[in-house]
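# Summary of structural features
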Amino acid sequence: MLKLSRSVLLASSASRAGWRSMSTVLPHSEPHPTSTGWIKPTAPPTEIRHEQELRALAARLKLTFRDLTVLSQAMTHRGFDRKTNNARLSILGASLVDSTVAEYLYLQYPNLPPQAMRDIVEHLKSSEAAAQTATALGLAPAIDSHRKINPAEPQLHSVLAGAYHALVAAIHLDQGGKASRDFVRETTRRFFHDLDLNKFVCLEHPKLVLRDVLQKQGKPAAVCRLLKESGRTTHMPLFLVGVFSGDEKLAEGASWSIKRAEREAVRNALITHYGKRLSRRLPSESDNYTPEDEIVFMAPQTSASTASDEQ
């Protein structure tokens, strides 16, 4: 019985070894055969889900990518993939946001001080502002990261900001410069609509600044006039002061004291001056931009018409 058991064990081990040797005949890269044919390899469920989220994102933003790979890279944080991620794309995208916003401010706000212009550009490039834009665009579900992205967590603002900047760069590489700049202008439209220059314009000596502005414009010097008042003898007085240049009222200011109301009126006059917005066509809005002064509507004169004019 002992010999029989050993023989059985030897036969069993031999059969297992034979099965292992037979299983190595088929390469690992080939699918195993079935009765219905060859089984086609499928992508992991996470990759399928990420591709679906990318397509949904592109459809929601009304973007058509010729190459979805660049969008996938833009939505991949370096914590998820150390080799193929959006680190380099985000640098390119941030520079595109810089130049687009700077061009817009330079042409549409001609009176804006240089420091205020610089501060607005830096603000829109900051992680906080870019993260807010990314959240409004709904980028969080499409980002591949080492953890779930919650826009409410401040420590994840850099992840969201990087994704937004990388998306700008992806549009630039896939569809061209005009498309990426149009996207930046569209995503910052709400900011400029609600722009509060008081946050960006520093006015330590508003009266001196307003005097210089009016002198450069050749306008009469500023004069403040009390327009309305109430409760002068009470503990809650209110004064309304207007600042004028000749007959033109520049702005108004209200406060509990006349001096404060004057200062507020002068500040408001400067904010109105700096915030004056023009409606200009931007060079980046068209691929064949031509300066306004170089556009000619007059037909060139022929030699016959020139001769008749001379006679």
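Cut-off values and rules
Residues numbered from 1 in each chain as written. Predicted model: local features only at pLDDT ≥ 70, side-chain atom pairs only at ≥ 80, totals over all residues. Heavy atoms only, no water. Helix = DSSP H or I, 4+ residues; strand = E, 2+ residues; numbered from the N terminus. Contact = heavy atoms within 4.5 Å. Areas by Shrake-Rupley, 256 points an atom, 1.4 Å probe, with all protein chains shown as cover. Phe/Tyr/Trp six-rings, centres within 6.5 Å; stacked < 30°, edge-to-face > 60°. Buried < 20%, exposed > 50% of the residue type's maximum accessible area, 1.4 Å probe, protein only. Lys NZ or Arg CZ within 6 Å of the ring centre and 35° of its normal. Core = buried A, V, L, I, M, F, W, Y, C linked by side-chain atoms within 4.5 Å. Salt bridge = Lys/Arg side-chain N within 4 Å of Asp/Glu carboxyl O. pLDDT = per-residue confidence, 0-100. Expected span 1.5 Å × (residues − 1). Axes fitted to C-alpha atoms, helices over the stretch in contact; angles between N-to-C directions. Left-handed = near helix turned anticlockwise from the far one by under 90°. Nonpolar A, V, L, I, M, F, W, Y, C, P; charged D, E, K, R; others polar. Polar contact = N/O pair within 3.5 Å; in protein donor to acceptor, adjacent residues only side chain to side chain. Pairing = 2+ DSSP bridges.

Now for the overall build of the chain. When you go through the chain residue by residue, the secondary structure sums to 12 helices and 5 strands. Summarising the internal contacts of the chain: among those between residues at least 6 apart in sequence, 56% fall at separations of at least 24. Total accessible area on the chain stands at roughly 20700 Å², and carbon and sulfur atoms take up 55% of it.

Attention now goes to the packing of aromatic side chains. The final tally for this structure, using the stated rule, is 5 aromatic pairs. Centre to centre, the rings of Tyr164 and Phe183 are 6.4 Å apart; their planes meet at 35 degrees, and the pair counts as tilted. Pair noted here: Tyr164 is in helix H7 (residues 157-175) and Phe183 is in helix H8 (residues 177-187), with a separation of 19 residues, a long-range link. Judged on exposure class, the residue Tyr164 and its partner Phe183 are both buried. Taking NZ or CZ as reference, Arg225 lies 4.4 Å from the ring centre of Phe244, over its face.

This part covers the nonpolar core. Soluble globular proteins tend to pack their nonpolar side chains together in the buried interior. Counting residues in hydrophobic clusters, the biggest one holds 64 residues, and the most contacted among them are Phe65, Met75, Ile120, Leu139, Tyr164, Leu167 and Phe192. Ranked by residue count, the leading element in this core is H7, at 11 residues. Sequence-distant contacts of Tyr164, defined by excluding residues within four places in its chain, comprise Val97, Ala130, Thr133, Ala134, Leu137, Leu139, Phe183, Val184 and Thr187.

For the rest of this paragraph, the subject is the pattern of salt bridges. Within the structure shown, the criterion is met by 13 salt bridges. Look at the salt bridges and you will find they share partners, linking Glu103, Lys178, Asp182 and Arg185 into a network.

Here the focus is the environment of Ala269. Tracing the backbone through its elements, the reader meets Ala269 in helix H11 (residues 258-274). Separated by 20 residues in sequence, Ala269 and Lys249 have C-alpha atoms that sit 9.0 Å apart. Among all residues touching Ala269, those that are not within four sequence positions of it are Leu210, Val243, Leu250 and Ala251.

Here the chain averages 80 in pLDDT, and 72% of its residues register 70 or above. Confidence drops under pLDDT 50 across residues 1-12; counting only partners more than four residues distant or on other chains, this segment forms 0 contacts.

End to end, H11 covers 24 Å across 17 residues, agreeing with the expected 24 Å (1.5 Å per residue, within 8%). Within H11, the full set of buried residues consists of Ala261, Ala265, Val266, Arg267, Ala269, Leu270, Ile271, His273 and Tyr274. Where H11 is buried, its residues contact helix H10 (206-217), strand E3 (222-230), strand E4 (238-245) and strand E5 (248-255).

With their axes 9 Å apart at the nearest point, helix H4 (residues 87-108) and helix H5 (residues 114-125) run at an angle of 145 degrees to one another. The handedness of the crossing between H4 and H5 is right-handed. Facing Ala94, Val97, Asp98, Val101, Ala102, Leu105 and Tyr106 of H4, the residues of H5 in contact are Met117, Ile120, Val121, Leu124 and Lys125. The residue inventory of the contact of H4 with H5, partitioned by class, reads 10 nonpolar, no polar and 2 charged.

Right, let's talk about the side chain of Thr188 for a bit. Tracing the sequence through the fold places Thr188 in the loop between H8 and helix H9 (189-193). For Thr188, a relative accessible area of 8% corresponds to the buried category. Engagement of the side chain of Thr188 in a polar contact is seen with the backbone oxygen of Arg185, the distance being 3.4 Å.

Because an α-helix completes one turn every 3.6 residues, residues spaced three or four positions apart along the sequence face the same direction. Ser180, Phe183, Val184, Arg185 and Thr187 are the residues of H8 that are buried. The inward-facing, buried residues of H8 contact H4, helix H6 (127-137), H7 and H9.

Turning to the side chain of Asn85, a few remarks are in order. Mapped onto the secondary structure, Asn85 falls in the loop between helix H3 (68-74) and H4. Owing to a relative accessible area of 10%, Asn85 belongs among the buried residues under this scheme. Looking at Asn85, its side chain comes within polar contact range of the main-chain nitrogen of Ala87, at 3.1 Å. Dropping the residues within four chain positions of it, Asn85 is found in contact with Gln73, Thr76, His77 and Arg78.

It is worth spelling out the sheet that holds E4 at this point. Taken in spatial order, the 3 strands line up as E3-E4-E5 in an open sheet, and their pairing is antiparallel. Each having just a single partner strand, E3 and E5 make up the two edges of the open sheet. Strand-to-strand twist across the sheet, computed as the mean angle between neighbouring axes with direction ignored, equals 25 degrees. Strand contacts of H11: E3, E4 and E5, with the helix running at about 135 degrees to E5, the strand carrying the most contacts.

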